[in-house]
Amino acid sequence: RALSFAVVAAFLLLCGVPVWSQTCGAWVSGIAQDLPSSTIWAYTVTNTSEEDNCTLWFLGIEVDEDVEVLETMTPAGWTVDITQPSFIAWLCTSTEIPAGESLAGFGAKFSRAPTTQCWAAQFTNWKTGETVPLYGYVCTPEPASLIALLCGLSSVGALRRIKGA
């Protein structure tokens with residue numbers, strides 16, 4: 001049991017933990033669309049804010065300095081700026097992402113596979129009127145991490161069957 005807990009905990013730490021302030025929070029996940037080259041990525045951002053008054057209106061993804069952004073994908077109601085070679089900035093032009101909701105459709109094609117992907121998000125807290133910035137690492141579940149997680153979970157099932165028999 002402890003081993004499977006350790007495997008799951010390690011996966012979550014490798015993947016990244018949701019980042020939040022006192023009121024606003026976010027989770028950004030990315031999945032390579034072209035394994036094994038991993039140069040095309042799709043992103044989903046989730047507004048994990050505990051309060052309904054925090055809406056997310058900006059998402060930025062930064063990759064390694066020597067990785068260049070070649071193309072981007074942008075969801076409806078958002079615009080993109082790639083004036084910096086290794087940074088993508090998406091800005092909401094219509095409906096912001098409310099607390100508890102996710103938005104997919106963000107994406108990028110890079111000159112090579114990024115080894116590091118960080119995110120930045122901006123929220124408006126409508127209750128206080130302040131703009132809240134948050135930062136974190138993109139959750140990028142690698143195949144090896146997923147295999148380790150599944151092996152840990154399958155061993156728990158096997159132990160339960162042995163123990164129950």
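Residues numbered from 1 in each chain as written. Predicted model: local features only at pLDDT ≥ 70, side-chain atom pairs only at ≥ 80, totals over all residues. Heavy atoms only, no water.

**Quick notes on the pairing of strand 8 (residues 102-110)**
Piece 1. Looking at chain direction, strand 3 (residues 40-47) and strand 8 are connected through seven bridges and run antiparallel. Its bridge partner being in strand 8, Y43 is matched across the sheet by F106.
Piece 2. By the bridge criterion, four bridges tie strand 5 (residues 69-73) to strand 8 in an arrangement that is antiparallel. By the bridge assignment, M73 is partnered in strand 8 with G107. (Pairing = 2+ DSSP bridges. Helix = DSSP H or I, 4+ residues; strand = E, 2+ residues; numbered from the N terminus.)

**A short note on the state of the cysteines**
Piece 1. Scanning the model with the defined rule gives one disulfide in all.
Piece 2. The residue that forms a disulfide with C24 is C54, at a sulfur-sulfur distance of 2.2 Å. Looking along the S-S bond of the C24-C54 disulfide, the torsion reads about -70°, which is the left-handed sense. Placement of C24 in the loop between strand 1 (19-20) and strand 2 (25-32) and of C54 in strand 4 (residues 54-63) is noted, with a sequence separation of 30 residues between them.
Piece 3. Classification of C24 as buried rests on a relative accessible area of 1%. (Disulfide = S-S within 2.5 Å. Buried < 20%, exposed > 50% of the residue type's maximum accessible area, 1.4 Å probe, protein only.)

Purely geometric numbers; function is a separate question.
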